[in-house]
Amino acid sequence: MRVPLSWLREYVDLPATQTGRDVQEKLISVGLEVETVEQLGADLKGPLVVGQVLTIEELEGFKKPIRFCTVDVGTANGTGEPQEIVCGATNFAVGDKVVVVLPGAVLPGNFAIAARKTYGKTSHGMICSGDELGMGDDGSGGIIVLPPEYEVGTDAIELLQLVDEVLDIAVTPDRGYALSLRGVAREAAIAYGMPLRDPALLDVPAPNAFGYPVQISEPLGCDRFTARTVTGLDAEARSPIWLRRRLQKAGMRPISLAVDITNYVMLELGQPLHAYDRSRVQGAIGVRRAAQGEKLTTLDGVTRTLDAEDLVITDDRGPIGLAGVMGGAHTEIDDTEGTTTEVVIEAAHFDSLSIARTARRHKLASEASKRFERGVDPQAASAAAQRTVDLLVLLAGGTADAGVTEVIAPSAPHTITIPANHPDKVAGVDYGRETVVRRLQQVGCDVYGQDDLIVTVPSWRPDLTDPNDLAEEVIRLEGYENLPSTLPKPPAGLGLTDRQRLHRRIGRALAGAGYVEALNYPFIGEQVFDQFGLAADDPKRKVVKLVNPLSDEEPALRTTLLPGLLGALRRNDGRGSHDLALFETGLVFHPQSELRIAGRLPVDRRPTDEEIASLTAALPVQPRHAAVVLAGAREQAGWWGKGRPGDWADAIEAARSLAREAGTELLVRSGQYGPWHPGRCAELAVVIDGTETVIGYAGELHPGVLKTLGLPARSCAMELDLEALERASAGHPKGPKISTFPVATQDVALVVDRSVPHADVEAALREGAGELLESIRLFDVYESEQLGEDKKSLAYALRFRAADRTLTVDEASAARDAAVALAGERTGAVLRS
């Protein structure tokens, strides 16, 4: 919201010595975000005067029109003689009053004016356009042509109000009232302790039966509609300079007198208005919901297909405007033809949520929708309509019709009960009842009561709904800078929970293994499940969809971490980083089996355990997962060796490291799932309450998935459920016992079928060796024709140790033989000779 300081002074008697910077500081102190103060005309220096064109000579032989003019500037040039000026504009004629800058002047941008020879003539000054004077777009597209009543030689700097200061205020969604001079003036009056001259305090005639007919069929969407009619308008009347300049300073382009007046009143009072050409409206004006697929051509010339939720203004032919957003082209006031002599003024109050959704649905943000969606004062509609009528009568010579239409849906004012000391508790400052009452009255509230205050909220503050909102008003007006700085005194804590410790150990373990953490947004598009090759009934396809997603391409919450991680892998690989190892730990989201609506928690007290439990029960199931992705080299090549690429074994080892941190055993076996290569995928399982539970997968990704997603060849990934891993753990990890007895090592090489998984052989060896087995490690895999077709040799190092004695060779050998025997029984393994 751009607020010219000269305009603001009309409603508040600010001290004459106060500059825009001073006012900015005051408004910031009461909570308005004044971003900048623009100094208009700060580098402008005269003489800049009104001149009258006496003669125009068209110069020939140039690529563009060039005119040599003589202009009467009175005595401003010191001689009284006509001023000779070369000009390239063509939108003025002999006899027109124009703005002339004379030699010695300086225009905005430090552009000094001097006599100079150009196009074979000497130009003693310039005939100015709005852009050259820093006025912005005035709609003329050329030289400023003034009304004939201004005298030659008049100072144009004062006439055009070129010197001013403009406050640029960033209005937050809860401060819709600040999108008007009235609202900003109220804040300035409070900040300076000055009275406010409220521009909405007007004598408004009572509604009667003679006004323009209006029919409201959607009272929930439109609870107030005021219609006024003005006839006998001068179709040739144009907006006066003061009106055009105020609009320009506020950032709006002058269009025509009727439209300029509605925009002016909107800026002044905050109430959006619309003016209809009465001759183009057929029958009564109505407000209803649109029919699905109905068409409307708006003022921007776009034909829009309406939604059944859109609120529209209608006449007997159908929609003539998108309520609260933009009017229709069929009832537009056509300033080019100059035929509009009768207008109907609409000042209505629409539901903020409905207008916001309509504006977003049609991607049509307007000054009106920006105000309605933040909240407009419904009580200001009749005053805004009266102000518009008064200006039309004053500036266009019209006559106000005696008929006044006002359709109002009954509603009661909003009241809030608040303890008088509630702001004191919130701020930690002893304000006292008198201060609380005074500050609430300053923002327009009616306050009654002693210990418990009954506060009636003003109609222009729909954001005040709870006791804490009222406390915020008191605190901001008393000054945030006056709040004491006190350190909180938290109760003594119990430290990190077991879950938090596990998550931190897992992050450190993966980082220590060379993985880099990559945090991704938890949003996905459902097409990723097709790209992963998941089955149609896969549980991961059941997603929680967002009502208002950040991106229409990713409207759902993730059920797996891999889409985000693989996207990060693709981006980094595309930017030249080809050797990558990334990890992420985070929540995934699964919908509840039964949909529940979350209740609204109170803000004036701590929610009860039952209320928190009810809210939690309505949330999606949110387990925490861990995932890694790899591509390129795992070990770099150099003088120390050839290096090696990352492969499926690294992904499995990452999962094993997480299991070690959780203090549980991870069961790894051959598997097949979704995006993983069917022959290089490991299924990860743990034992929970005596039952094996699959918690994830690891291995090399499928070549088809890599091609579809644009990922490097042989990329690998792992993902597992940390919640399940935690349930399988034995609690706190225990430190290893240090034995004083020596270890006995036995190596065995077993020949098995190539299709037998190493995990099955290892499990059999581990079980057969019994309690003396301390560890088992696969240190060699060998295949050759000597072993036989489709055979492989697996060589294991078995470490045996007893807790209470030194093992004999016979005991170690017996344990080894028992392990080999069980492996042979279960997997067909035989000792390699």
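Residues numbered from 1 in each chain as written. Predicted model: local features only at pLDDT ≥ 70, side-chain atom pairs only at ≥ 80, totals over all residues. Heavy atoms only, no water.

Participant: What is the right way to read the overall build of the chain from this model?
Facilitator: Counting its secondary structure elements, the chain contains 21 helices and 42 strands. For 833 residues, the compact-globule estimate of 2.2 N^0.38 gives 28 Å, and the C-alpha radius of gyration of the chain, at 40 Å, exceeds that figure by more than 25%. Here the chain holds 833 residues, and the buried ones make up 47% of them. Sequence-distant contacts, at least 24 apart, represent 70% of the contacts inside the chain between residues at least 6 apart. With an accessible surface of roughly 41300 Å², the chain has 51% of that area assigned to carbon and sulfur atoms. In the chain, the 87 positive side-chain charges and the 118 negative ones have mean positions that sit 5 Å from each other. (Helix = DSSP H or I, 4+ residues; strand = E, 2+ residues; numbered from the N terminus. Rg over C-alpha atoms; globule rule 2.2 N^0.38 Å. Buried < 20%, exposed > 50% of the residue type's maximum accessible area, 1.4 Å probe, protein only. Contact = heavy atoms within 4.5 Å. Areas by Shrake-Rupley, 256 points an atom, 1.4 Å probe, with all protein chains shown as cover. Lys, Arg positive; Asp, Glu negative; His and termini not counted. Charge placed at Lys NZ, Arg CZ, Asp CG, Glu CD.)

Participant: Looking at this structure, how should I read the nonpolar core?
Facilitator: Burial of nonpolar side chains together is a common tendency in soluble globular proteins. Among the nonpolar cores identified, the biggest contains 78 residues, and Leu8 and Leu27 are the most heavily contacted of them. Aside from chain neighbours lying at most four places away, what touches Leu8 is Val3, Leu14, Val23, Leu181, Val184, Ala185 and Ala188. Residues Leu630, Val668, Ala682 and Ile695 belong to the second largest nonpolar core, which totals 31 residues. (Core = buried A, V, L, I, M, F, W, Y, C linked by side-chain atoms within 4.5 Å.)

Participant: Would you mind going over the pairing of strand β37 (residues 691–701) with me for this structure?
Facilitator: Each regular strand shows side chains that alternate between the opposite faces of the sheet. Here nine bridges tie strand β36 (residues 676–688) to β37, and the two strands are oriented antiparallel to one another. Among the inter-strand pairings, Cys681 is bridged to a residue of β37, identified as Gly699. Relative to strand β38 (residues 716–721), β37 is paired through five bridges, and the arrangement is antiparallel. Residue Glu700 lies in a different strand from β38, and its bridge partner there is Cys716. (Pairing = 2+ DSSP bridges.)

Participant: Whenever I open this one, the sheet that holds strand β23 (residues 343–350) confuses me. Can you help?
Facilitator: Paired through backbone hydrogen bonds, the strands of a sheet run either parallel or antiparallel to each other. Ordered in space as β16-β23-β15-β24, the four strands form an open sheet in which the pairing is antiparallel. Each edge of the open sheet carries a strand with a single partner, namely β16 (274–277) and β24 (399–408). Taking each pair of neighbouring strands and ignoring which way they run, the sheet shows an average axis angle of 20°. As paired strands, strand β15 (residues 222–231) and β23 are joined by eight bridges and run antiparallel to one another. Residue pairing across strands places Val230 opposite Val343, the latter belonging to β23. (Axes fitted to C-alpha atoms, helices over the stretch in contact; angles between N-to-C directions.)

Participant: What exactly am I supposed to notice about the pattern of salt bridges here?
Facilitator: Where charged atoms from two side chains of opposite charge come close, those side chains can pair. In this structure the tally under the stated criterion is 56 salt bridges. With a closest N to O distance of 2.8 Å, Glu653 and Arg660 form a salt bridge. Residue Glu700 is joined to Arg714 by a salt bridge in which the shortest nitrogen-to-oxygen separation is 2.9 Å. Of this pair, Glu700 sits in strand β37 while Arg714 sits in the loop between α18 (703–709) and β38, and the two are 14 residues apart along the sequence. According to the relative accessible area criterion, Arg714 is partly exposed, its value standing at 49%. (Salt bridge = Lys/Arg side-chain N within 4 Å of Asp/Glu carboxyl O.)

Participant: Could you clarify how one ought to interpret the packing of aromatic side chains in this entry?
Facilitator: Two measures describe an aromatic ring pair: the distance that separates the ring centres and the angle between the ring planes. Under the definition given, this model contains nine aromatic pairs. Ring geometry for Tyr521 and Phe523: centres 6.2 Å apart, planes at 20°, overall stacked. We classify Tyr521 as exposed; its relative accessible area is 65%. By way of ring pairs, the aromatic residues Trp7, Trp242 and Tyr264 are connected into one cluster. Positioned above the aromatic ring of Trp460, the side-chain terminus of Arg186 is 4.0 Å from the ring centre. (Phe/Tyr/Trp six-rings, centres within 6.5 Å; stacked < 30°, edge-to-face > 60°. Lys NZ or Arg CZ within 6 Å of the ring centre and 35° of its normal.)

Participant: What should I look at first to understand the packing of helix α20 (residues 758–769) against helix α21 (residues 809–827) in this one?
Facilitator: Angle between the axes and distance between the axes are the two parameters that describe a pair of packed helices. Direction vectors running N to C along α20 and α21 enclose 140°, while the axes themselves pass 7 Å from each other. Between α20 and α21, the angle falls in the class oblique. The interaxial crossing formed by α20 with α21 has right-handed handedness. Only Ala815, Ala818, Ala819, Val820, Leu822, Ala823, Arg826 and Thr827 of α21 make contact with α20, whose side of the interface consists of Asp760, Val761, Ala764, Leu765, Glu767, Gly768 and Ala769. Residue composition of the contact of α20 with α21, grouped by class: 10 nonpolar, two polar and three charged. (Parallel < 35°, antiparallel > 145°, perpendicular 65-115°, else oblique. Left-handed = near helix turned anticlockwise from the far one by under 90°. Nonpolar A, V, L, I, M, F, W, Y, C, P; charged D, E, K, R; others polar.)

Participant: What is the right way to look at helix α6 (residues 257–269) in this model?
Facilitator: Each turn of an α-helix holds 3.6 residues, which means side chains three or four residues apart point in the same direction. Compared with the 18 Å implied by 1.5 Å per residue over 13 residues, the 18 Å span of α6 between its first and last C-alpha is a close match. Burial of α6 is extensive: 12 of the 13 residues sit out of reach of the surface. Where α6 is buried, its residues touch α1 (5–8), α4 (181–192), α5 (241–249), β16, α8 (367–372) and α9 (381–396). (Expected span 1.5 Å × (residues − 1).)

Participant: Mind showing me how you'd approach the sheet that holds strand β2 (residues 33–40) here?
Facilitator: On the basis of which strands lie adjacent, the open sheet formed by three strands has the order β1-β13-β2 and antiparallel pairing. Of all strands in the sheet, those bounded by a partner on one side alone are β1 (2–4) and β2. When strand polarity is set aside, the average angle formed by the axes of neighbouring strands in this sheet is 25°. Across three bridges, the pairing between β1 and strand β13 (residues 164–170) is antiparallel. Paired with Val3 across the bridge in β13 is Leu167.

Participant: When you look at unusual backbone geometry in this model, what are you seeing that I'm missing?
Facilitator: Peptide bonds are mostly trans, and most non-glycine residues show a negative phi. With omega at 15°, the peptide bond leading from Gly46 into Pro47 counts as cis. Despite not being glycine, Tyr119 has its phi angle at roughly 55°, a positive value. As for its placement among the helices and strands, Tyr119 is situated in the loop between β9 (116–118) and β10 (121–123). Relative accessible area serves as the criterion here: at 33%, Tyr119 is assigned to the partly exposed category. In this model, Lys363 sits at a positive phi of 50°, which is unusual for a non-glycine residue.

Participant: What is the right way to read the state of the cysteines from this model?
Facilitator: Covalent bonding between the sulfur atoms of two cysteines defines a disulfide. For the coordinates displayed, the defined rule picks out zero disulfides. The thiol of Cys69 is not disulfide-bonded; the next cysteine sulfur, from Cys87, is found 5.8 Å away. Cysteine Cys128 shares no disulfide, and the gap to the nearest cysteine sulfur, in Cys87, comes to 9.1 Å. (Disulfide = S-S within 2.5 Å.)

Participant: Before we go on, may I ask you to explain the packing of helix α2 (residues 20–29) against α4 in this structure?
Facilitator: Viewed as axis vectors pointing N to C, α2 and α4 meet at an angle of 90°, and their least axial separation amounts to 9 Å. Judged on the interaxial angle alone, α4 and α2 are roughly perpendicular. Contacts between α2 and α4 pair Asp22, Val23, Lys26 and Leu27 from the former with Val184, Glu187, Ala188, Ala191 and Tyr192 from the latter. Of the residues in the contact of α2 with α4, the class split is six nonpolar, no polar and three charged.

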